[in-house]
Amino acid sequence: QVQLVESGGGLVQAGGSLRLSCAASGRTFSTYTMSWFRQAPGKEREFVAGITWSGARTYADSVKGRFTISRDNAKNTVQLQMNSVKPEDTAVYYCAVQRSVVVTRRENEYEYWGQGTQVTVSS
């Protein structure tokens, strides 16, 4: 059974940093693309960042230059380093994986999802 478990969320002040992690189990995801999405209250879920099995990264414009996605294929994990966070980064962050060699931003193309972790940025 495939399972994605996010961790690392919490409360942080604007301008601070936070590191999210997602651990995947149930199969090997080394050839899958792994991504982060987020959903703010009252808004639709949106793409944040993605990384292919070979390490190619894609970011949403809103986080480019502030967030960094990385992965460890041996451990089946993906991380999201969030720096210079803003109140508008407040959301539930989800880890997702897709059987693709490129990163896509459409959530319906992702096969597996985690339960999410809350990130709250105070001003």
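Check the entry above for the structure.
Residues numbered from 1 in each chain as written. Predicted model: local features only at pLDDT ≥ 70, side-chain atom pairs only at ≥ 80, totals over all residues. Heavy atoms only, no water.

A. Spatial organisation of the nonpolar core. Counting 34 residues, the largest nonpolar core has Trp36, Leu80, Met82 and Tyr93 as the members making the most contacts within it. Breaking this core down by element, the ones donating at least two residues are β3 (18-25), β4 (33-39), β5 (46-51), β7 (67-72), β8 (77-82), β9 (91-98) and β11 (117-122). Among the elements that make up this core, the one with the highest residue count is β9 (five residues). The residues contacting leucine 80, other than those within four sequence positions of it, are Leu18, Arg19, Leu20, Trp36, Val48, Ala49, Phe67, Thr68, Ile69 and Tyr93. (Core = buried A, V, L, I, M, F, W, Y, C linked by side-chain atoms within 4.5 Å. Buried < 20%, exposed > 50% of the residue type's maximum accessible area, 1.4 Å probe, protein only. Helix = DSSP H or I, 4+ residues; strand = E, 2+ residues; numbered from the N terminus. Contact = heavy atoms within 4.5 Å.)

B. Fine view of the packing of aromatic side chains. Inspection of the entire model under this criterion finds seven aromatic pairs. Consider the rings of phenylalanine 37 and tryptophan 113, whose centres lie 5.0 Å apart with planes at 55°: the pair is tilted. One end of the pair, phenylalanine 37, is in strand β4; the other, tryptophan 113, is in strand β10 (residues 112-113), with 76 residues separating them in the sequence. Since its relative accessible area comes to 23%, tryptophan 113 is described here as partly exposed. With a centroid separation of 6.5 Å and an interplanar angle of 75°, the aromatic rings of tyrosine 94 and tryptophan 113 are classed as edge-to-face. Of this pair, tyrosine 94 sits in strand β9 while tryptophan 113 sits in strand β10, and the two are 19 residues apart along the sequence. Each residue in the set Phe37, Phe47, Tyr94, Tyr110 and Trp113 is aromatic and connected to the rest through ring pairs, giving one cluster. Directly above the ring of tyrosine 94 sits arginine 45, whose terminal nitrogen or CZ lies 4.7 Å from the centroid. Across from the ring centre of tryptophan 113, 3.9 Å away, lies the NZ or CZ of arginine 45, which sits over that ring. (Phe/Tyr/Trp six-rings, centres within 6.5 Å; stacked < 30°, edge-to-face > 60°. Lys NZ or Arg CZ within 6 Å of the ring centre and 35° of its normal.)

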